[in-house]
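Listed below, chain by chain, are the residues.
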Amino acid sequence: MLDASEGYITEDGRKIGGVVMEMKNITLRFGGVVAIKDISFDIREGEIRAIIGPNGAGKSSMLNVISGFYVPQEGEVWFHGKKRPAMRPYEVARQGIARTFQNIALFEGMSVLDNVMTGRLNFMSAGLLSQSIWRGKAEREEVENREAVEKIIDFLEIQHIRKTPVSRLPYGLKKRVELARALAAEPKLLLLDEPMAGMNVEEKEDMSRFILDVNDEFGTTIALIEHDMGVVMDLSDRVVVMDYGKKIGDGTPEEVRNNQEVIDAYLGVAHD
Amino acid sequence: MFYREAGDFKTSYQSDSQTFPIKFDRYRYYVVLVVAFGIIPFIINDYWANSLLLPFLIYAIAAIGLNILVGYCGQVSLGTGGFMAVGAYAVYKLMTAFPEVSMFIHVILAGGITAAVGVLFGLPSLRIKGFYLAVATLAAQFFLVWLFNRVPWFYNYSASGQINAPEREVFGVIITGANAPAWATYLFCLVFLTLCALIARNLTRGTMGRTWMAIRDMDIAAEIIGVNPLKAKMTAFAVSSFFIGISGALFFALYLGAVEVGEAFGIQKSFLVLFMVIIGGLGSIFGSFAGAAFLVLLPVVLKVVGADMLGWPTDIVAHLQLVIVGALIIVFLIMEPHGLAQLWRVAKEKLRLWPFPH
């Protein structure tokens, strides 16, 4: 089913392309603690890739490595067929990797609209002078990007709160605004860190629908961490399973479900 | 009742993101401009200019500058006095070295020089934040004052160690020195305040302002979604110091005329401007105006009410002022960290619904 270069066809008939991001033998240590031990996996174009595992397995650390916030001691990150040199997180963002956070990291003092507009920094290049007189390039960029942002606001159905300060929003909406901000960057790879944590069933259904829609309409490649197994199994095309910093499973939801090591990790078995 | 946005529809994104999206606000702004430019210059006298209007205009520029740094970008600075001194000494050196060049250019250049100095002293902000950054900027304050006291080149080797503003003209009208008419100095400062406020507003409603606020609200997340922290913090320091430099230049050249650096630009000045920003409202241009107006007006009102009307001794009135300012700072920090600007916003919100709040 898996072909190294060509991609594959999913169960529901979507075509998955070549490798977008490849992690090669990543090892990440914090002092004596090994958060990630020699993990390799790839993310393919157009797929929804889940990273799961019990608490403390190193999933979020993995996402932080992808988004450039942590620099692994060993291993390489390949993006679009090129080895990524050591770079600052904002440079990674410029390359087209956007993310949301486990604990919402919105800019509380700004309106929803400003938050989402901040996601479009990659498309803004007007100089200080143009911005200070609000003429020429600055004004043009503001309007163009506002149009793009309004499309995303429509898409995620948050029109009614666009001028509301983020600090006034309830939790579920904040999660949606955060997704909007990440989408505004028009990312090639979208990282979602527990997009459904702390949500009720209805909100989870909404969020799942948005994730599928994003993948379907914009063709965005998505890597997500999630604890709700039902959601993971339904949404994702392929799943990486981590436990104690090691990869213990990788494959389609069906394969992972039947993997003995994964079952042990989740249901518990005596570690010797 | 009067304050409604109902029926005030926007049909383009330009008009939606303008400075005063509500018509009523826009007209009030035009009225203020007309009064400030068209009426006050004709009725102004020396007392009004020197005790109220000039300090208000100049401190408002400084408060806008500091508000950009502290209120919008979240970088605490106690170096305002020092940066104002840089503006003052820069304009002094420029005025004496190039007497024939227009004062407009000198003041703007002084702002530019201060911006460069501000960036230099802003570099620690890349590593440290909060109180530690405040202490680092405090070092800038003391260093700059010391520098201007100790290096005679800065005060042109004058015997007193003071700097005195020579007489200079703009469009044939004297604006510095003892013979400058009140209306001319007032208008000169007003032009700068208007330009500074417009620039500050344009920057803060656009991309630049969003990157500043992103750094202020959550710097790590900001960097991960693509904000270059170096660029954001350095532009904030540069723009902020530019405004503060302009205000320092005007404070020396047009308001005081003669300056002894430790007295005019000491640490008290840093705190005064910081108090203006806190009382007026962090992260608000209007708040900078309100804070400057409040702290300029307060001693005058106290003097008129306390000393002139009630006949209290002047030293009691002066101490009372310190007590009131101190108490107000505490009250604002606890009750309303967003200052007078937030009170104004709440009042507007109430007015919108009045008289039927439900």
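Residues numbered from 1 in each chain as written. Chains lettered and ligands numbered in written order. Predicted model: local features only at pLDDT ≥ 70, side-chain atom pairs only at ≥ 80, totals over all residues.

- With an unreviewed UniProt entry as reference, chain B is termed Branched-chain amino acid ABC transporter permease, source organism Ruegeria sp. PrR005.
- Listed under Subcellular location (unreviewed entry) in UniProt, the entry text for chain B is "Cell membrane". (UniProt positions renumbered as here; feature names shortened; annotations may be inferred.)

- In the nomenclature of an unreviewed UniProt entry, chain A corresponds to ABC transporter ATP-binding protein from the organism Ruegeria sp. PrR005.

## Focus on the nonpolar core
Phase 1 of the analysis: Grouped together as the largest cluster of nonpolar side chains are 182 residues, with contacts concentrated most on Ile61, Ala88, Val91 and Leu250 of chain B.
Phase 2 of the analysis: A domain split of this core shows at least three residues from each of domain 1 (1-96 + 187-272) and domain 2 (111-185) of chain A.
Phase 3 of the analysis: Setting aside residues up to four positions removed in sequence, Leu250 of chain B forms contacts with Ile58, Val107, Cys189, Phe192 and Tyr255 of chain B. (Core = buried A, V, L, I, M, F, W, Y, C linked by C-beta atoms within 7 Å. Buried ≥ 20, exposed ≤ 12 C-beta atoms within 10 Å, placed from the backbone. Domains from an automatic or database assignment. Contact = placed C-beta atoms within 7 Å.)

## Quick word on unusual backbone geometry
Residues and elements named next belong to chain A.
Phase 1 of the analysis: With a phi close to 55°, Glu157 is a non-glycine residue in the positive phi region.
Phase 2 of the analysis: Checked against the element boundaries, Glu157 lands in the loop between helix 5 (137-155) and helix 6 (171-184).
Phase 3 of the analysis: A residue is classified by how many C-beta atoms lie within 10 Å of it, and Glu157, with 12 of them, is exposed. (Helix = DSSP H or I, 4+ residues; strand = E, 2+ residues; numbered from the N terminus.)

## Some points on the interface of chain B and chain A
Phase 1 of the analysis: Listed by partner, the interface residues are 25 residues for chain B and 35 residues for chain A.
Phase 2 of the analysis: Contributing elements (two or more residues each) for the side of chain B that touches chain A: helix 1 (13-16), helix 7 (182-205), helix 8 (207-217) and helix 9 (219-224) of chain B.
Phase 3 of the analysis: No other element matches helix 8 of chain B, which puts 8 residues into the side of chain B that touches chain A.
Phase 4 of the analysis: Looking at the side of chain B that touches chain A residue by residue, the classes come out as 11 nonpolar, 10 polar and 4 charged. (Nonpolar A, V, L, I, M, F, W, Y, C, P; charged D, E, K, R; others polar.)

## What about the UniProt feature "domain: ABC transporter" (unreviewed entry) in chain A?
Phase 1 of the analysis: Taking the numbering used here, the UniProt-annotated feature "domain: ABC transporter" (unreviewed entry) corresponds to residues 21-269 of chain A.
Phase 2 of the analysis: Between the C-alpha atoms that bound residues 21-269 of chain A the distance is 33 Å, and the span itself is 39% helix and 24% strand.

## Focus: the sheet that holds strand 3 (residues 19-30) of chain A
All names here are of chain A.
Phase 1 of the analysis: Spatially, 4-3-6-7 is the arrangement adopted by the 4 strands of the open sheet, whose pairing is antiparallel. Where the open sheet ends on each side, the last strands, each with one partner, are strand 4 (33-44) and strand 7 (82-83).
Phase 2 of the analysis: In the sheet, strand 6 (residues 74-79) pairs with strand 7 via 2 bridges, with the strands oriented antiparallel. If you follow Trp78 over to strand 7, its bridge partner there is Lys83.
Phase 3 of the analysis: Helix 1 (residues 59-66) contacts strand 3, strand 4 and strand 6 of the sheet and is inclined by roughly 120° relative to strand 3. (Pairing = 2+ DSSP bridges. Axes fitted to C-alpha atoms, helices over the stretch in contact; angles between N-to-C directions.)

## A word on the environment of Ser240 of chain B
Phase 1 of the analysis: Along the polypeptide, Ser240 of chain B turns up in helix 10 (residues 229-256).
Phase 2 of the analysis: Owing to 32 C-beta atoms within 10 Å, Ser240 of chain B belongs among the buried residues under this scheme.

## A closer look at the packing of helix 12 (residues 267-280) of chain B against helix 13 (residues 285-309) of chain B
To characterise two packed helices, one gives the angle between the axes of the helices and the distance between these axes.
Residue and element names in this part refer to chain B.
Phase 1 of the analysis: The interhelical angle for the contact between helix 12 and helix 13, taken along N-to-C directions, is 120°, at an axis separation of 7 Å. With respect to each other, helix 12 and helix 13 are oriented oblique. For the pair helix 12 and helix 13, the crossing hand works out as right-handed. Seen from helix 12, the contacting residues are Leu272, Phe275, Met276, Val277, Ile279 and Gly280; seen from helix 13, they are Gly287, Ser288, Ala290, Gly291, Ala292, Phe294 and Leu295.
Phase 2 of the analysis: Here the residues of the contact of helix 12 with helix 13 are counted per class, giving 9 nonpolar, 4 polar and no charged. (Parallel < 35°, antiparallel > 145°, perpendicular 65-115°, else oblique. Left-handed = near helix turned anticlockwise from the far one by under 90°.)

## Observations regarding the pairing of strand 11 (residues 238-243) of chain A
All names here are of chain A.
Phase 1 of the analysis: Counting buried residues in strand 11 gives 6 out of 6 residues, a clear majority hidden from the surface.
Phase 2 of the analysis: Judged by which residues are buried, strand 11 turns out to be covered on both faces: Arg238, Val240 and Met242 on one side and Val239, Val241 and Asp243 on the other are all buried.
Phase 3 of the analysis: Where strand 5 (residues 48-52) and strand 11 come together, 4 bridges link them in parallel fashion. Looking across to strand 11, one finds that Ile51 is bridged to Val240.
Phase 4 of the analysis: Bridging between strand 11 and strand 12 (residues 246-251) involves 5 bridges; their strand directions are antiparallel.

## Some details on the sheet that holds strand 5 of chain A
Two orientations exist for strands paired in a sheet by backbone hydrogen bonds: parallel and antiparallel.
All names here are of chain A.
Phase 1 of the analysis: Overall, mixed pairing links the 6 strands, which are arranged 8-9-10-5-11-12 in an open sheet. Among the strands making up the open sheet, the edge pair consists of strand 8 (97-99) and strand 12. Mean inter-strand twist for the sheet, computed between neighbouring axes without regard to direction, equals 20°.
Phase 2 of the analysis: In this sheet, strand 10 (residues 221-225) lies alongside strand 5 in parallel orientation, the contact comprising 4 bridges.

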